[in-house]
Amino acid sequence: MLEVFLKANGALTYDYFLSHPSLQLNRVTIFRVLNLFANKRIIHRIPATDNINRYLLQQASALVHANFMCNKCKSIIPLETIVSPKVKLPKDYIPQNVEIIIGGLCAACNNN
Ligand SMILES: [Zn+2]
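Scope of this entry: the structure provided in the associated data block.

So, how was this worked out
- Residues numbered from 1 in each chain as written.
- Predicted model: local features only at pLDDT ≥ 70, side-chain atom pairs only at ≥ 80, totals over all residues.
- Heavy atoms only, no water.
- Helix = DSSP H or I, 4+ residues; strand = E, 2+ residues; numbered from the N terminus.
- Buried < 20%, exposed > 50% of the residue type's maximum accessible area, 1.4 Å probe, protein only.
- Contact = heavy atoms within 4.5 Å.
- Areas by Shrake-Rupley, 256 points an atom, 1.4 Å probe, with all protein chains shown as cover.
- Lys, Arg positive; Asp, Glu negative; His and termini not counted.
- Charge placed at Lys NZ, Arg CZ, Asp CG, Glu CD.
- Donors = N, O, S within 2.8 Å, 3.2 Å for Na, K, Ca; no water.
- Tetrahedral: all angles 85-135°; square planar, octahedral: opposite > 155°, others 65-115°.
- Polar contact = N/O pair within 3.5 Å; in protein donor to acceptor, adjacent residues only side chain to side chain.
- Pairing = 2+ DSSP bridges.
- Expected span 1.5 Å × (residues − 1).
- Arc of directions from axis to C-beta.

### Let's talk about the overall build of the protein
When you go through the protein residue by residue, the secondary structure sums to 4 helices and 6 strands. With respect to the three principal axes, the spread of C-alpha positions in the protein is 45 × 40 × 25 Å. Every one of the 112 residues in the protein was classed for burial, and the buried ones make up 28%. Within the protein, counting contacts between residues at least 6 apart in sequence, those at least 24 apart form 50% of the total. Entry remark: accessible area of the protein is about 8100 Å², with carbon and sulfur atoms responsible for 54%. Of the charged side chains in the protein, 12 are positive and 6 negative; the average position of the first set lies 3 Å away from that of the second.

And the structure:
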């Protein structure tokens, strides 16, 4: 599964692994491996806006994850984040990760 992630160009879903021809893993195994990867911070889970969790290979030393999600074809493209948005946290709260999702149309959908 890690190999699939390394070859993938973008975020992958649980169903993608389930239907992947070279994997042939059962549902429980896929679920466990995704959780393990997420816990070890090899991948991160993108909060779903359409009830489908997506997983993306962790970028090195990334605190801020910014992703573009196409509202039409639902593809997710990781974006480079240059500055973290300034968010005021309550006293004694420590931020550990920031997720940004920008919704819109990808280049392919925009040109159709
Ligand atoms: Zn699109």
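### Describing the coordination of the zinc ion
Reference geometry at the metal: tetrahedral coordination by four donors gives ideal angles of 109.5 degrees; octahedral coordination by six donors gives 90 or 180 degrees. Looking at the zinc ion, one finds its protein donor set to be Cys70 (SG), Cys73 (SG), Cys106 (SG) and Cys109 (SG), positioned 2.2 to 2.3 Å from the metal centre. Each of the 4 donor atoms bound to the zinc ion contributes to angles spanning 107 to 112°, and the resulting shape is tetrahedral. Here the donor residues of the zinc ion share one chain and are spaced in sequence as C-x2-C-x32-C-x2-C. Judged by its relative accessible area of 10%, Cys106 is buried.

### Regarding the side chain of Arg54
Here Arg54 shows up in strand 3 (residues 54–57). The class for Arg54 is buried, based on a relative accessible area of 7%. Only 3.1 Å separates the side chain of Arg54 from the backbone oxygen of Ile52, close enough to count as a polar contact. Excluding anything up to four places from it in sequence, Arg54 contacts Ala11, Leu12, Thr13, His44, Arg45, Ile46, Met69, Lys74 and Ile76.

### Details of the sheet that holds strand 2 (residues 43–46)
The 3 strands lie next to each other as 1-3-2, forming an open sheet whose pairing is antiparallel. Each edge of the sheet is formed by a strand with only one pairing partner; in this case those strands are strand 1 (12–13) and strand 2. Pairing geometry for strand 1 and strand 3, over 2 bridges, is antiparallel. Paired with Leu12 across the two strands is Tyr55, which belongs to strand 3.

### Some remarks on helix 3 (residues 27–39)
Taking 1.5 Å per residue, 13 residues should reach 18 Å; helix 3 reaches 18 Å between its end C-alpha atoms and fits that length. Of the positions making up helix 3, those classed as buried are Ile30, Leu34, Phe37 and Ala38. All buried residues of helix 3 fall inside an arc of 100° around its axis, so they share one side. More than 90 degrees from the buried face of helix 3, the exposed residues found are Arg32 and Asn39. The elements touched by buried residues of helix 3 are helix 1 (2–7), helix 2 (14–18), strand 2 and strand 3. You can read the cap of helix 3 off the contacts: a side-chain oxygen lies 3.1 Å from the backbone nitrogen of Val28, and it is on Asn26.

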